[in-house]
Amino acid sequence: MPKFPERVFSGMQPTHTLHLGNYLGAMVNWIRMQETHSCIYCVVDVHAITIAQDPKELAQNIREVTASYLACGLDPERSIIFNQSQVAEHAELAWVFNCVARLGWLNRMTQFKEKAGKDRENASVGLYAYPNLMAADILVYKGTHVPVGEDQKQHLELARDIAQKFNNDFSESIAAHGHGEAFFPLPEPMITGPATRVMSLRDGTKKMSKSDASDFSRISLTDDADMIAQKIRKAKTDPEPLPSEAKGLAGRPEAENLVGIYAALARKSKEAVLGEFGGAQFSTFKPVLAELAVERLAPIAAEMKRLLADRRHIDSVLSNGAERARTIAAPIMRDVKDVVGLLSTRGVG
Ligand code: ATP
Ligand code: MG
């Protein structure tokens, strides 16, 4: 496999306000990677409509998620920040990938099964083909590194399979058009950090999600101090005190989750947290956790509020980002068309 220049791509859906899982599982890595890589961070609005959205709310959520990106520390000068629907090449490449990916591959995707639920016949075709669009999001920039939470691991594996199959299926044409041995890199998932899978506050076996019906399942980046305290107070737990060692968390998913959240926010290991709180009741631990969460999240919420007061600024960040994204995606998409044999008559006549 030839070496491709390193480029980071990742995105979040504007399905709801971002939450602590998005922040700890992905955003902290996004911020860090700006220091070392050229990064593209997308608000993936075309993914959001795989589930019904209210049009007015969707437009507002796109701006809100953009404000969260900026408030958390993404820098639109250094990184490219934009919403997916403004760069048509994502959808164009996704169609090509619909024709590369196999039904059997998509049938294995657990996110589709979870999101479609029991009424699978009634799920949108878009929800089913979601991973193909996600592969296109990354590969339309020849993205090499993708910082995501643990739940996206399977989709990243699929993106690698699609890239590999495209490279194999079109190997002759790829070489004939001067692209050497491989057209697409195999993108690598970057699933790192102390909290790659933050669980719901209501059920320690389900991941925290924007689309969970219960607002009490998640801590949103816009929650105020009272709301954060209330959600943590009501978080499901078991009646035992906290153990003194991490192995004592086995079989106690809710306890493990709260300790993991504390550890991630305090930038400590779970062992260190248990060294401090081992033997404590949740009635003691929860208020301390709430205080720490407020300390870390309140400045983000305040900055988001400030940013959202200036809609024009948010919109200009997105349109500038989209323009920069297009200058990378458009030539790659033209090359894809040449490789596949989709005749383009640019420059003729
Ligand atoms: P939805 O319920 O609409 O799918 P979501 O909460 O899963 O929303 P996404 O926009 O799908 O959020 O994902 C954005 C990023 O956040 C992805 O990198 C994903 O892996 C990560 N992520 C989502 N939920 C969690 C979680 N509970 N813990 C850690 N990372 C998460
Ligand atoms: Mg998700």
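Here, every reference points to the structure presented above.
The rules behind the values
Residues numbered from 1 in each chain as written. Chains lettered and ligands numbered in written order. Predicted model: local features only at pLDDT ≥ 70, side-chain atom pairs only at ≥ 80, totals over all residues. Heavy atoms only, no water. Salt bridge = Lys/Arg side-chain N within 4 Å of Asp/Glu carboxyl O. Helix = DSSP H or I, 4+ residues; strand = E, 2+ residues; numbered from the N terminus. Buried < 20%, exposed > 50% of the residue type's maximum accessible area, 1.4 Å probe, protein only. Phe/Tyr/Trp six-rings, centres within 6.5 Å; stacked < 30°, edge-to-face > 60°. Lys NZ or Arg CZ within 6 Å of the ring centre and 35° of its normal. Near = heavy atom within 4 Å. Polar contact = N/O pair within 3.5 Å; in protein donor to acceptor, adjacent residues only side chain to side chain. Areas by Shrake-Rupley, 256 points an atom, 1.4 Å probe, with all protein chains shown as cover. Nonpolar A, V, L, I, M, F, W, Y, C, P; charged D, E, K, R; others polar. Contact = heavy atoms within 4.5 Å. Axes fitted to C-alpha atoms, helices over the stretch in contact; angles between N-to-C directions. Parallel < 35°, antiparallel > 145°, perpendicular 65-115°, else oblique. Left-handed = near helix turned anticlockwise from the far one by under 90°.

Chemist: Explain the pattern of salt bridges here, please?
Modeler: Close approach of charged atoms allows side chains of opposite charge to pair. Under the counting rule described, the total for this entry stands at 17 salt bridges. Between Lys165 and Asp169 there is a salt bridge; the shortest N-O distance is 3.0 Å. Placement of the pair is Lys165 and Asp169 together in helix α8 (residues 153-169), with a separation of 4 residues, close to one helical turn. Residue class for Asp169 comes out partly exposed when judged on its relative accessible area of 45%.

Chemist: Is there a simple way to explain the packing of aromatic side chains in this structure?
Modeler: Given two aromatic rings, their pairing is described by the distance between the two centres and the angle made by the two planes. Applying the stated criterion across every chain yields a total of 14 aromatic pairs. Each ring, one from Phe166 and one from Phe183, has its centre 5.9 Å from the other, and the planes form 50 degrees; the classification is tilted. Of this pair, Phe166 sits in helix α8 while Phe183 sits in the loop between α9 (171-176) and β5 (188-190), and the two are 17 residues apart along the sequence. Phe166 sits in the buried class, given a relative accessible area of 0%. Cluster of aromatic residues (ring-pair linked, three or more members): Phe97, Phe166, Phe170, Phe183 and Phe184. Residue placement shows Lys142 over the ring face of Phe183; its charged tip is 4.0 Å from the ring centre.

Chemist: Help me out: how do you make sense of the site of ligand 1 in this one?
Modeler: Lining the immediate environment of ligand 1, one finds 22 residues, of which Lys115, Asp151, Lys207, Lys210 and Ser211 sit closest. One nitrogen or oxygen atom from the side chain of Asp151 is found 2.6 Å from an oxygen atom belonging to ligand 1. Considered on its own, ligand 1 offers 590 Å² of accessible surface; in the complex 98% of this is hidden by protein. Of all the elements in the fold, those that place two or more residues in the shell around ligand 1 are β1 (8-12) and α1 (20-33). Split into classes, the residues belonging to the shell around ligand 1 amount to 5 nonpolar, 12 polar and 5 charged.

Chemist: What am I meant to see in the side chain of Ser217 here?
Modeler: For Ser217, the location among the structural elements is in the loop between β5 and α10 (225-234). Classification of Ser217 as buried rests on a relative accessible area of 1%. There is a polar contact of 2.6 Å between the side chain of Ser217 and the backbone oxygen of Ser214. Other than its neighbours up to four places away in sequence, Ser217 contacts Ser200, Leu201, Arg202, Met208 and Asp212.

Chemist: Could you clarify how one ought to interpret the packing of helix α7 (residues 125-139) against α8 in this entry?
Modeler: Two measures define how a pair of helices packs: the angle their axes make with one another and the distance between the axes. Viewed as axis vectors pointing N to C, α7 and α8 meet at an angle of 70 degrees, and their least axial separation amounts to 9 Å. As summarised for this structure, α7 and α8 are arranged roughly perpendicular, according to the angle between their axes. Note on packing geometry: the crossing formed by α7 with α8 is right-handed. Note on element contacts: α8 touches α7 through His155, Leu156, Leu158, Ala159, Ile162 and Ala163, opposite Tyr130, Pro131, Asn132, Met134, Ala135, Ile138 and Leu139. Among the residues making up the contact of α7 with α8, the classes are represented as 11 nonpolar, 2 polar and no charged.

Chemist: Please clarify how unusual backbone geometry should be interpreted in this entry.
Modeler: Both trends apply: most residues other than glycine have a negative phi, and most peptide bonds are in trans. Despite not being glycine, Lys142 has its phi angle at roughly 50 degrees, a positive value. With a phi angle near 55 degrees, Arg267 is a residue other than glycine that sits in the positive phi range. Tracing the chain through its elements places Arg267 in the loop between α11 (253-266) and α12 (270-277). According to the relative accessible area criterion, Arg267 is exposed, its value standing at 64%.

Chemist: Please clarify how the environment of Trp30 should be interpreted in this entry.
Modeler: Topologically, Trp30 is positioned in helix α1. Each C-alpha atom, one on Trp30 and one on Ala48, is 20 Å from the other, the two residues being 18 residues apart in sequence. Polar side-chain contacts of Trp30 include one of 3.4 Å to the side chain of Ser10.

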